[in-house]
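Working through the structure, step by step
Chain by chain, the residues run as shown.
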Amino acid sequence: MSRHTTGVLAVLTAALLWGTTGTAASLVSQVGALAIGSAAMGIGGLLQALIALPALRRSRRTLAARRGMLVLGAISVAIYPLAFYGSMRLGGVALGTVISLASAPLLAAVLEAVLDRTRLRGRWFVAAALGIIGSILLCLPQGPAAPPAGPNIPLGVILGLIAGATYAAYSYAVRRMMRHGIGRSASMGAVFGCGALLLIPVLLATGAPILSGPAPLAVTAYMALIPMFLGYLLFGFGLARIPASTATMLTLSEPAIAAVLAVLIVGEHIGPPGWIGLGIIGLSLLAELVPRR
């Protein structure tokens, strides 16, 4: 199996894990989105740094030399969950998910093209276009019983674009650090560990409901350990093998996974546009999975 294929499979597995977060969070509606987001990303990021301590010690001089990328990645990690969950709260879950995840691969491609002067292949444009179209169809109202939009759609759109930009930025920063000789473990541990430290004040300010019972604690522990900690380990593994633009495009599978789980577990309804969108997302992933010559 080629490095590209293993990288693609690692990122898809990470997206599978991330796709469970919406269903998990729905089980504890008493915990706010900011609390869940800051706890999951904060605890998961600290664990990333903890297991990377030996690599961080070995790479401390190289990390200091690349502190610009480290600062960019850490700030982006801290902003992303706040903007992403805020976008879903203000603009609605569908709008927030589509804007955040569909804009990320485009913004990642812009970063690579401007800063690295890379040239994207036609296959990437085809896969990205299919993924974005599929995500939009999936998140359209699926019938008369569809939930209403959020209370502030314009602000939700702005926060969604911020989420997409910060997602692309920390993916790019980690990938750039790896390409300049910093190991995968040290790159991920430094960026996510520093980002987690920035999220601690948010968690302290909003996280009291997490301690209100065993269910919120269990869900928070699951989200921190599985989707965030394990998911980002796999994401880092994939970033070491494929470009950030490809990795962010592949995570467009996350809303499809979340939608299937919502139907099977939560009991939500998906109409014909949504199922067509799922099929189109599958085609976009197939375009990246086909081995290159």
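All of the points below concern the structure found in this document.

Here is what the cut-offs are and how they apply
Residues numbered from 1 in each chain as written. Predicted model: local features only at pLDDT ≥ 70, side-chain atom pairs only at ≥ 80, totals over all residues. Heavy atoms only, no water. Patch = residues over 30% accessible without salt bridge, like charges linked within 9 Å, V, L, I, M, F, W, Y side chains within 5 Å. Areas by Shrake-Rupley, 256 points an atom, 1.4 Å probe, with all protein chains shown as cover. Salt bridge = Lys/Arg side-chain N within 4 Å of Asp/Glu carboxyl O. Helix = DSSP H or I, 4+ residues; strand = E, 2+ residues; numbered from the N terminus. Buried < 20%, exposed > 50% of the residue type's maximum accessible area, 1.4 Å probe, protein only. Phe/Tyr/Trp six-rings, centres within 6.5 Å; stacked < 30°, edge-to-face > 60°. Core = buried A, V, L, I, M, F, W, Y, C linked by side-chain atoms within 4.5 Å. Contact = heavy atoms within 4.5 Å. Axes fitted to C-alpha atoms, helices over the stretch in contact; angles between N-to-C directions. Parallel < 35°, antiparallel > 145°, perpendicular 65-115°, else oblique. Left-handed = near helix turned anticlockwise from the far one by under 90°. Nonpolar A, V, L, I, M, F, W, Y, C, P; charged D, E, K, R; others polar.

The next thing to look at is a nonpolar patch on the surface. A cluster of nonpolar side chains, V71, I75, I79, L155, I158, I162 and L198, forms an exposed patch at the surface whose accessible area comes to about 550 Å². Taken together, the elements giving at least two residues each to the nonpolar patch come down to α6 (67–91) and α9 (153–179). Inspection of the secondary structure puts L155 in helix α9. You can call L155 partly exposed: its relative accessible area is 36%.

So, on to the packing of aromatic side chains. Within this structure, the stated rule accounts for eleven aromatic pairs. Arranged with centres 5.5 Å apart and planes meeting at 45°, the rings of Y167 and Y170 form a pair that is tilted. Note that Y167 and Y170 are positioned in helix α9 at a spacing of three residues, about one turn of the helix. Of the residues examined, Y170 reaches a relative accessible area of 1% and is grouped as buried. Counting every residue linked through ring pairs, the aromatic cluster contains W18, Y80, F84, Y167, Y170, F192, Y232 and F235.

For the rest of this paragraph, the subject is the nonpolar core. Ranked by size, the top nonpolar core spans 64 residues in total, and within it M41, Y80, Y167, Y170, F192, Y232 and F235 carry the most contacts. Top element by residues in this core is α6. It accounts for nine residues. Setting aside residues no more than four positions away along its own chain, Y170 makes contact with G73, S76, V77, Y80, F192, Y232 and F235.

With their axes 7 Å apart at the nearest point, α6 and α9 run at an angle of 150° to one another. It follows that α6 is roughly antiparallel to α9 by the angle criterion. Our pair here, α6 against α9, has a crossing hand that is left-handed. Along the lines of polarity and charge, the residues of the contact of α6 with α9 split into 20 nonpolar, eight polar and one charged.

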